[in-house]
Amino acid sequence: MSEAKTYDAMDVAVIVGGVFLTGFGEDLVTVAKDEENFSTKVGAQGDVVRTKVNNPLGTITITLQSTSPQVPYLDGLANSSKIVPVSVVYSGTPKETNTATQAYLKKPSDREYGGEAGDREYEFQCLDLSMN
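Residues numbered from 1 in each chain as written. Predicted model: local features only at pLDDT ≥ 70, side-chain atom pairs only at ≥ 80, totals over all residues. Heavy atoms only, no water.

**Overview of helix α1 (residues 71–80)**
Residues lying three or four places apart along an α-helix face the same way, a consequence of the helix completing one turn every 3.6 residues. The test is simple: When accessible area is computed with a 1.4 Å probe and restricted to protein chains, residues below 20% of their type maximum are described as buried, those above 50% as exposed, and intermediate ones as partly exposed. Secondary structure elements follow DSSP: runs of H or I no shorter than four residues count as helices, runs of E no shorter than two count as strands, and numbering proceeds from the N terminus. An arc is given here, and it is the one of the directions from the helix axis to the C-beta atoms. Between two residues, a contact is recorded if the distance between any of their heavy atoms is within 4.5 Å.
All of the buried residues in α1 are V71, L74, D75, L77 and A78. Seen along its axis, α1 keeps its buried residues to an arc of 160 degrees; they face one direction. For α1, the exposed residues set more than 90 degrees away from the buried face come down to P72 and N79. The elements touched by buried residues of α1 are β1 (12–16), β6 (58–65), β7 (84–90), β8 (96–105) and β9 (119–126). Positive backbone phi, approximately 65 degrees, marks S81, located one or two places after α1.

Spelled out as structure tokens, the structure:
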């Protein structure tokens, strides 16, 4: 019988430009490569060629509650066009580290006002995403 695993969102840390983010929304964070690692092509006679794609681009999407103390920081960062390092670390099992030494926010978050507090979503374009 295999041992049950436990996921704990408290094991996730997000650091942007040296600032630890707090006040996450339910979706927390998503890390994704912008392209697959390999592409395949089939010739007219059925020959298959696999090509390594060396595209280092990726996207890190962070969801914060509108009351997070880092909302003004990220909005200011988006308006500055500044390039910063971004790290997403999961210290649970298995340990995972996602880093970009060069990333920028695509735009300030959309703002939603209604009967309940809305989340703020920030999308970083990562120029050198590493997923380990």
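**Section: unusual backbone geometry**
Backbone phi values are negative for most residues with the exception of glycine, while trans is the configuration of most peptide bonds. Between T93 and the following residue, P94, the backbone shows a cis peptide bond with an omega angle of -5 degrees. Relative to the helices and strands, P94 resides in the loop between β7 and β8. Here the phi dihedral of L28 falls at roughly 55 degrees; this positive angle occurs in a residue that is not glycine. Looking at the secondary structure, you find L28 in strand β3 (residues 24–33). One non-glycine residue, S81, lies in positive phi territory at about 65 degrees.

**Overview of the environment of V86**
Relative to the helices and strands, V86 resides in strand β7. Between the alpha carbons of V86 and Y104 there is a distance of 9.0 Å; along the sequence they are 18 residues apart. In contact with V86, not counting residues within four places along its chain, are I15, V16, I60, N98, T99, A100, A103 and F124.

**Overview of the environment of G118**
The residue G118 is located in the loop between β8 and β9 in this model. Look at G118 and you get buried, because its relative accessible area is 11%. Taking C-alpha positions, G118 is 6.7 Å from Q65, a pair spaced 53 residues apart along the chain. Once you skip the residues sitting within four places of it in the chain, G118 turns out to touch Q65, S66 and E112.

**A short note on the pairing of strand β5 (residues 48–52)**
Rule in force here: When DSSP finds two or more bridges between two strands, those strands count as paired.
Here β5 lies mainly on the outside; zero of its five residues are buried. Both strand β4 (residues 38–42) and β5 contribute to a ladder of five bridges, which runs antiparallel. Looking at β5, one finds that S39 is bridged to T51. Linking β4 back to β5 in an antiparallel pair, the connection comprises five residues, with G46 at a positive phi of about 90 degrees.

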